[in-house]
Amino acid sequence: MIASRSFLADHGVVDGRLVARARYDVDDAGDIVAAGTAASLQAVPLAPLVRDFGRAVVLPGLVDAHSHAFQRSIRGATHQPGSDDDDFWSWRTAMYEAAGALDPDGVYARTRECFAEMLHAGITCVGEFHYLHHRVDGSRYDEPDALSLAVVEAASSVGIRLVLLECYYERAGAGAAPLPEQRRFCDGSVADYLARIERLRERGVTVGIAPHSVRAVPANSLRALARYANEHALPLHAHVSEQPRENEQCAMEHGCSPLQLLQRCGALERSGGFTAVHAIHVDPADRALLAGHTVCACPTTEADLGDGIVPASDYVADGVALALGSDSNTVIDLLQEARWLELGDRWRTRRRIRLASSTVGQGERLLRAATRDGAAALGRAGVLGELAVGRKFDAAILDRTHPVLRDVPDAFLLDATMLAATAALVVHVVVAGQELVS
Ligand SMILES: [Zn+2]
């Protein structure tokens, strides 16, 4: 519990609130041993090493709860008109081409580029929803976990924390074998998939269980995956109702909605254990099923793909936590994702101030989605996502002298940060007390 470094800044978040003259004392393991205002810690001597960020805003390291890193490689490449009905499904064709072109070195290189951009954007932990597992024809590499390990190596070479959300994929749709371009996603059986999970866990990789969607995974497999996640207290993530077509197909196959099917299969059994990614086309009764769980919204991707708008304020009213993801990585900026959670809801409802409450301010609420609630969705509650005693000192430090924030009164600084700043203002990034970006 002995601090080896003290970090200081004109402003910083402590226990979810922005304070002036913030101070964090951090030990050799990167854990925060004291946090507060300089005045409140006056009686505690500064640590041997002192880093003063000066005119800056210290935020908890941002947590990106849903990413497909390789999709960054088609940034800008899918915006030419192709047909009269360019939509999610036509985009998917281009994305599958990119997925089919990668060998293990390519997965490592593309993932590393993406994670490096994330770290520079203040993201210190990423949940990578990883679904490239085998050769393009579906056959195994000599090292059967080559592509998962490429992602792990990419993260460790950059220094970003990783929760590897290993995706399980089985079919193209109800009763349909995988398409040729989906073969490399597929393990063939839940047992083969869980064997890989076990091998990765033995290597010390932090993993989550990620059935791709009710489209790609039949009910009996969903049940087995949910059981494993519940038994081992691992985060369970799935894409849910991103497109209306998924709801229609699920109704035809199962006679219920995707969320009702997930509930029947045990995915919602462990409180806080499930994260529904997107969850856009969900009716009110189904929203209530998610109480105590998390919806991971990915607003820039959902806008890019024409998916629709996550009904964020409705979820908050139903007791559902909100996390954020950069998903396709067409944009890597968690501050923007947070902002569009609120602005999308204003657009949708034609009202203002949707996610703040009498006790939690707008900026605090959006920051929580970009940090604490993302960490919880990734199974890292109480460890990451907050700047408080006992948590890791992971931080994104923004330049207060930048024109965006320079003239903002202190009283509005956190709201301005969350509603006007971008990742371009991030000037330092710290992971476990180590300054990785400066
Ligand atoms: Zn996704």
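It should be emphasised that the depicted structure is a prediction, and the values quoted were computed from it without experimental measurement.

Student: Would you mind going over the overall build of the protein chain with me for this structure?
Tutor: A count of helices and strands for the protein chain gives 14 helices and 16 strands. The globule rule puts the C-alpha radius of gyration for 438 residues at 22 Å, and the 21 Å found for the protein chain is close to it. The dimensions of the protein chain, computed from C-alpha atoms along their principal axes, are 65 × 50 × 45 Å. A buried classification covers 53% of the 438 residues belonging to the protein chain.

Student: Help me out: how do you make sense of the packing of helix H11 (residues 334-349) against helix H12 (residues 362-370) in this one?
Tutor: Angle between the axes and distance between the axes are the two parameters that describe a pair of packed helices. Their axes nearest at 9 Å, the elements H11 and H12 cross at an angle of 125°. As the angle between them shows, H11 and H12 are arranged oblique. When the axes of H11 and H12 are compared, the crossing they make is right-handed. Contacts between H11 and H12 involve Leu334, Glu337, Ala338, Arg339, Leu341 and Glu342 on the former and, on the latter, Gln362, Leu366, Ala369 and Ala370. Its residues assigned to classes, the contact of H11 with H12 comprises six nonpolar, one polar and three charged.

Student: Mind showing me how you'd approach the pairing of strand S13 (residues 321-324) here?
Tutor: Side chains on a regular strand alternate between the two faces of the sheet. Residues Ala321 and Ala323 point to one face of S13 and Leu322 and Leu324 to the other, with burial holding for every one of them. Inspection of the sheet shows strand S12 (residues 294-297) paired to S13 by four bridges, in the parallel sense. Along S13, the bridge assignment pairs Val295 with Leu322.

Student: Would you explain the domain arrangement of the protein chain in this entry?
Tutor: Buried accessible area, meaning the area lost when the parts come together, often serves as the stated size of an interface. Examined at the domain level, the protein chain breaks down into domain 1 (5-59 + 386-437) and domain 2 (62-377). Summarising the inter-unit geometry, the C-alpha centres of domain 1 and domain 2 are found 30 Å apart. Taken residue by residue, the interface counts 20 residues in domain 1 and 24 residues in domain 2. Contributions of two or more residues to the side of domain 1 that touches domain 2 are made by helix H14 (413-420), strand S15 (426-431) and strand S16 (434-437). Of the residues forming the side of domain 1 that touches domain 2, the biggest block, five residues, is contributed by H14. Looking at the side of domain 1 that touches domain 2, its residues break down into 13 nonpolar, three polar and four charged.

Student: Is there a simple way to explain the packing of helix H2 (residues 104-120) against helix H3 (residues 146-158) in this structure?
Tutor: Taken N-terminus to C-terminus, the directions of H2 and H3 make an angle of 35°; their axes are 8 Å apart at the nearest point. As H2 runs across H3, the sense of the crossing is right-handed. Where H2 abuts H3, its residues Pro104, Val107, Tyr108, Thr111, Arg112, Phe115, Ala116 and Leu119 lie against Ala146, Leu147, Ala150, Val151, Glu153, Ala154, Ala155, Ser157 and Val158. Broken down by class, the residue content of the contact of H2 with H3 amounts to 13 nonpolar, two polar and two charged.

Student: Which parts of the structure should I look at to understand the nonpolar core?
Tutor: As a rule of thumb, nonpolar side chains are buried together in soluble globular proteins. Core analysis: the largest hydrophobic core is formed by 135 residues, its most contacted members being Val58, Phe115, Ile160, Val295, Leu322, Leu324 and Leu341. For this core, the leading source of residues is H3, giving eight residues. Built from parts of two domains, this core gets at least three residues from each of domain 1 (5-59 + 386-437) and domain 2 (62-377). With residues up to four places along the chain from it excluded, the contact list for Val295 reads Ala276, Ala279, Leu290, Val310, Tyr315, Val320 and Leu322.

Student: Where do I start with helix H4 (residues 190-202) in this structure?
Tutor: Helical periodicity: at 3.6 residues per turn, an α-helix aligns residues three or four positions apart in one direction. Between its first and last C-alpha, H4 extends 18 Å over 13 residues, near the 18 Å set by a 1.5 Å rise per residue. Along H4, the positions that sit buried rather than exposed are Val190, Tyr193 and Ile197. Seen from one end, H4 has its buried residues packed into an arc of 65°, which puts them on one side. Seen from the buried face of H4, the exposed residues on the opposite side, beyond 90 degrees, are Ala191 and Glu202. In this structure, the buried side of H4 is in contact with strand S8 (161-168), strand S9 (207-211) and helix H5 (219-231). Following H4 by one or two positions, Gly204 adopts a phi angle in the positive range, close to 90°.

Student: How should unusual backbone geometry be read in this particular structure?
Tutor: Leaving glycine aside, a negative phi is the common case for residues, and trans is the common case for peptide bonds. Although it is not a glycine, Ala233 sits at a positive phi angle of roughly 50°. With respect to the helices and strands, the residue Ala233 is situated in the loop between H5 and strand S10 (236-240). Notably, Ser241 is not glycine yet its phi reads approximately 45°, a positive angle. Among the structural elements, Ser241 can be located in the loop between S10 and helix H6 (244-254). Given 25 C-beta atoms within a 10 Å radius, Ser241 is considered buried.

Student: For this particular structure, what's the right way to read the pairing of strand S6 (residues 62-67)?
Tutor: The element S6 is largely enclosed, with a buried count of six among its six residues. Direction of pairing for S6 relative to strand S7 (residues 123-130): parallel, over a ladder of four bridges. Bridge pairing links Val63 to Cys125 in S7.

Student: Would you take a moment to explain the environment of Leu414 for this structure?
Tutor: Assignment of secondary structure puts Leu414 in helix H14. Each C-alpha atom of the pair Leu414 and Leu179 lies 47 Å from the other, and the pair is 235 residues apart in sequence. In this structure Leu414 touches Leu18, Gly361, Gly363, Glu364 and Leu367, once residues within four positions along its chain are discounted.

Each value, and the rule that gives it
Residues numbered from 1 in each chain as written. Predicted model: local features only at pLDDT ≥ 70, side-chain atom pairs only at ≥ 80, totals over all residues. Helix = DSSP H or I, 4+ residues; strand = E, 2+ residues; numbered from the N terminus. Rg over C-alpha atoms; globule rule 2.2 N^0.38 Å. Buried ≥ 20, exposed ≤ 12 C-beta atoms within 10 Å, placed from the backbone. Axes fitted to C-alpha atoms, helices over the stretch in contact; angles between N-to-C directions. Parallel < 35°, antiparallel > 145°, perpendicular 65-115°, else oblique. Left-handed = near helix turned anticlockwise from the far one by under 90°. Contact = placed C-beta atoms within 7 Å. Nonpolar A, V, L, I, M, F, W, Y, C, P; charged D, E, K, R; others polar. Pairing = 2+ DSSP bridges. Domains from an automatic or database assignment. Core = buried A, V, L, I, M, F, W, Y, C linked by C-beta atoms within 7 Å. Expected span 1.5 Å × (residues − 1). Arc of directions from axis to C-beta.

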